Amino acid sequence: MSPRIHVPMLEVLLAEPFPHTPQEMVQLEQRLSTAAAQTADQILLVQVTRAHEDEAFVRQAIAQARAQRAVPLVHKGLRTTSVLLLGGTRLIIETPYLREDRRGRRGRRRRTRGLHGAGCYPVLAALGITDRVSPATRSEIALHVVQAASYLEAAQMLSRRGFACDVSSLVRITTATAEASTRLRDAALEAALRLPVAPDGPLAGKRVRISLDGGRVRTRRMHRGRKTAKGRHGFATPWREPRVLVIDILDEQGQPDRLRLPLYDVLIGNAEAVWALLIGYLRLLSTASAEVVEFIADGAAWIWKRVELLRTLAEIPAAKVVEVLDFYHASQYLFETLATCRTMPKAQRHALYKRLRHALRHQTDGVEVVQEALRALATPHRSMAIPRALGYMGTHAQRMRYVTLEARQLPIGSGQVESAVRRVVNLRFKAPGSFWTATTVSGLMHLRAAFKAGRWDEMMMRVMTGTFHVPSFEPVDNAVSQRSAAIQEREMPQTVVTPRKKAA
């Protein structure tokens, strides 16, 4: 029999006198919100109970759990566990428990939990309830952790809505969510490297832009050996470079298509790991069938020396690939080179820089104009900056044909990935005094990248179902925030209250 829903708190609140001051109004609103959330938890309790009372559903959940495990599972009866709900209620429930079947196995019993734990609760897992939290609760906790400036701030933000959760639980749930998402992503991209490229994927026929850039975070590496006088191990705080990749779609004018979500992802690892991630995405999304593929980045050597290998392994025809050196990085490099000419007056250096920058941007032979001007400055008493700049211009000459790019309606700036680095990495993980373990911060940045790209629900559905769905680039309605207040007011539910008597 399903439990009954009790709403005594709502009845008590309805019996209260109406508020007389703004302070009383705020307090009443907060109490009503908490009571409504707790009532929703009671309704959810009824639904979870109904799921356990349905014998067919229970048998299906048990069979599904056994099919997903590589080892046989034995039914150990009912066990009591807790589930944290979105309204802050902790549900205590008896549910079927399956554990690895150890009968007939030799050797000592394992004392530690495996990758997915020592056992599982199949009925709860079929409902998306894992790590002792409901799916919506998991989503809200992880979202607050990657949005807030710290774990403590996330806990405080949740407590304001009546959801009390300690910091250690926030960390445990969020890191488990990140591990599940990255595990599914890595498996899907590894499979994409082995399977043939589909001709009709999400990026087929699109104008695609790919950009890469790196940020900086400080990591924590514990020292081994003897502890300090305070009983602690010392640690080093080396800087690490998280690499951010952005894949987005351009419209016919060369602007980012505002109706199609970009794809962000982050990885802390060496260059080979980052390129394996990118190649997997390009194969999975059928980038080989795109109309044009623009690869734009700054002048980092680790990027450009691998682009040809990227094109080959992603099976993208060479005629479709356009390599672009970000114009603003090229301009900065030119400015810093001219700044080394100390014998030239500052006003003259500035005028020369403006003339060369304009030529690079607006003349078909702009690269040659800049090279000729730099050769004229390469006198014997100059520093090595001029020869280095000439080598730089020669290496990237075909990537700096900005007039041709403008004619093809292709962007010349990498502002998209620069913005992604700032919003995903710097604003959350580069705070003074913040030191992270590499695994933890990589997972959290992966979650925050999904949020900043507008793909949070897509990522959470992947975690809940245990299935990696190919990222969609279909048009979405993201103009809700841009609609006028009058339109939003018409669409919101309204209640008209007519006083019985007018005030005297």
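This text follows the structure it describes.
Definitions and cut-offs
Residues numbered from 1 in each chain as written. Predicted model: local features only at pLDDT ≥ 70, side-chain atom pairs only at ≥ 80, totals over all residues. Heavy atoms only, no water. Buried < 20%, exposed > 50% of the residue type's maximum accessible area, 1.4 Å probe, protein only. Helix = DSSP H or I, 4+ residues; strand = E, 2+ residues; numbered from the N terminus. Pairing = 2+ DSSP bridges. Core = buried A, V, L, I, M, F, W, Y, C linked by side-chain atoms within 4.5 Å. Contact = heavy atoms within 4.5 Å. Phe/Tyr/Trp six-rings, centres within 6.5 Å; stacked < 30°, edge-to-face > 60°. Lys NZ or Arg CZ within 6 Å of the ring centre and 35° of its normal. Expected span 1.5 Å × (residues − 1). Axes fitted to C-alpha atoms, helices over the stretch in contact; angles between N-to-C directions. Salt bridge = Lys/Arg side-chain N within 4 Å of Asp/Glu carboxyl O. Parallel < 35°, antiparallel > 145°, perpendicular 65-115°, else oblique. Left-handed = near helix turned anticlockwise from the far one by under 90°. Nonpolar A, V, L, I, M, F, W, Y, C, P; charged D, E, K, R; others polar. Polar contact = N/O pair within 3.5 Å; in protein donor to acceptor, adjacent residues only side chain to side chain.

Chemist: What should I look at first to understand the pairing of strand β9 (residues 242–250) in this one?
Modeler: Regular strands show a simple pattern: their side chains alternate between the two faces of the sheet. The element β9 is extensively covered by neighbouring structure, given that nine of its nine residues are classed as buried. Taking every second residue as pointing to the same face, both faces of β9 are buried, with P242, V244, V246, D248 and L250 on one and R243, L245, I247 and I249 on the other. Note: strand β4 (residues 207–214) against β9, eight bridges, orientation antiparallel. Directly across from R209, in β9, lies its bridge partner D248. Note: β9 against strand β10 (residues 263–268), six bridges, orientation antiparallel. Across the sheet, L245 pairs through a bridge with D265, a residue of β10.

Chemist: Is there a simple way to explain the nonpolar core in this structure?
Modeler: For soluble globular proteins, the rule of thumb is that nonpolar side chains tend to be buried together. Counting residues in hydrophobic clusters, the biggest one holds 70 residues, and the most contacted among them are L212, I247, W275, L278, F295, L360 and Y402. Here this core takes nine residues from helix α8 (residues 271–284), the largest share from any one element. With residues near it in sequence (within four places) discarded, L360 still touches F327, A330, G366, V367, V370, M393, M400 and Y402. Judged by nonpolar contacts, the second largest core, of 31 residues, contains V246, V424, W436 and A453.

Chemist: Please explain the packing of aromatic side chains as it appears in this structure.
Modeler: Each pair of aromatic rings is reported with the distance of its centres and the angle of its planes. Applying the stated criterion across every chain yields a total of ten aromatic pairs. With 5.2 Å between their ring centres and 50° between their planes, Y97 and Y121 make a pair best called tilted. Remark: Y121 occurs in the loop between β3 (119–120) and α4 (122–126) and Y97 occurs in strand β2 (residues 90–100); sequence separation between them is 24 residues. Clustering of aromatic rings is evident, with ring pairs tying together Y151, F429 and W436. When the ring centre of F235 is taken as origin, the NZ or CZ atom of R220, which lies over that ring, is 4.1 Å away. If you follow R455 out to its NZ or CZ, it ends over the ring of F473, 4.8 Å from the centre.

Chemist: Would you take a moment to explain helix α5 (residues 135–147) for this structure?
Modeler: Note on helix geometry: an α-helix contains 3.6 residues per turn, so any two residues three or four positions apart are oriented the same way. Spanning 13 residues, α5 covers 18 Å between terminal C-alpha atoms, matching the ideal 18 Å at 1.5 Å per step. T137, R138, S139, I141, A142, L143, H144, V145 and V146 are the residues of α5 that are buried. Where the residues of α5 are buried, they touch β1 (73–84), α6 (151–160), α7 (167–194), α16 (415–429), α17 (438–452) and α18 (456–465).

Chemist: Help me understand the sheet that holds β4 in this model?
Modeler: Pairing between sheet strands relies on hydrogen bonds along the backbone, with the strands arranged either parallel or antiparallel. Ordered in space as β10-β9-β4-β11-β12, the five strands form an open sheet in which the pairing is mixed. Each edge of the open sheet carries a strand with a single partner, namely β10 and β12 (321–325). Geometrically, the sheet is characterised by an average inter-axis angle of 20° between neighbouring strands, direction not taken into account. Where α16 meets the sheet, its contacts fall on β4, β9 and β10, and the angle it forms with β9 comes to roughly 130°.

Chemist: Would you take a moment to explain the pairing of strand β11 (residues 292–297) for this structure?
Modeler: Within β11, six of the six residues are buried, leaving the element largely enclosed by the surrounding structure. Residue alternation in β11 divides its side chains into two sets, V292, E294 and I296 and V293, F295 and A297, and both sets are buried. Relative to β11, β4 runs parallel, the two being bridged by five bridges. Bridge assignment links S211 to a residue of β11, and that residue is I296.

Chemist: What should I look at first to understand the pattern of salt bridges in this one?
Modeler: Opposite charge on two side chains permits pairing when their charged atoms draw close. Scanning the model with the defined rule gives 17 salt bridges in all. R260 is the partner of D257 in a salt bridge, and the nearest nitrogen-oxygen pair spans 3.1 Å. The salt bridge involving E272 is made with R306; its shortest N-O contact spans 2.9 Å. Of the two residues, E272 sits in helix α8 while R306 sits in the loop between α9 (301–304) and α10 (307–313), which places them 34 residues apart along the sequence. Salt bridges linked by common partners bring R185, D186 and D265 together as one network.

Chemist: So what exactly am I meant to see when it comes to the packing of α7 against α8 here?
Modeler: Where α7 contacts α8, the two axes come as close as 8 Å, and the packing angle between them is 70°. On the basis of their axis angle, the class for α7 and α8 is roughly perpendicular. For the pair α7 and α8, the sense of crossing is left-handed. Across the interface between the two elements, R185, L189, A192 and L193 from α7 touch A276, L277, I279, G280, Y281, R283 and L284 from α8. Grouping the amino acids of the contact of α7 with α8 by side-chain chemistry returns eight nonpolar, one polar and two charged.

Chemist: Just checking my understanding: could you explain the packing of α5 against α18 for this structure?
Modeler: Helix-helix packing is described using two parameters, namely the angle between the two axes and the distance between the axes. Where α5 meets α18, the axes come as close as 11 Å, and the angle between the chain directions of the two elements is 130°. Classed by the angle they form, the pair α5 and α18 counts as oblique. Read as a crossing pair, α5 and α18 show a hand that is right-handed. Here P135, R138, S139, A142, L143 and V146 of α5 lie close against α18, whose contacting residues are W456, M460, V463 and M464. Per-class residue counts for the contact of α5 with α18 are eight nonpolar, one polar and one charged.

Chemist: When you look at the sheet that holds β3 in this model, what are you seeing that I'm missing?
Modeler: Pairing is antiparallel across the open sheet formed by three strands, whose spatial order is β1-β2-β3. At either end of the open sheet lies a strand with only one pairing partner, and these are β1 and β3. Taken strand by strand, helix α3 (residues 55–68) contacts β1, β2 and β3, and its axis lies near 105° from that of β1.

Chemist: Before we go on, may I ask you to explain the environment of H20 in this structure?
Modeler: Relative to the helices and strands, H20 resides in the loop between α1 (8–15) and α2 (22–53). You can call H20 exposed: its relative accessible area is 58%. At 3.0 Å, the side chain of H20 forms a polar contact with the backbone oxygen of F18.

Chemist: Explain the environment of R448 to me, please; I cannot follow it from the model alone.
Modeler: Within the secondary structure layout, R448 lies in helix α17. Between the alpha carbons of R448 and L143 there is a distance of 8.0 Å; along the sequence they are 305 residues apart. Beyond its immediate chain neighbours, meaning those up to four positions away, R448 contacts V146, Q147, R423, V424, L427, R428 and F429.

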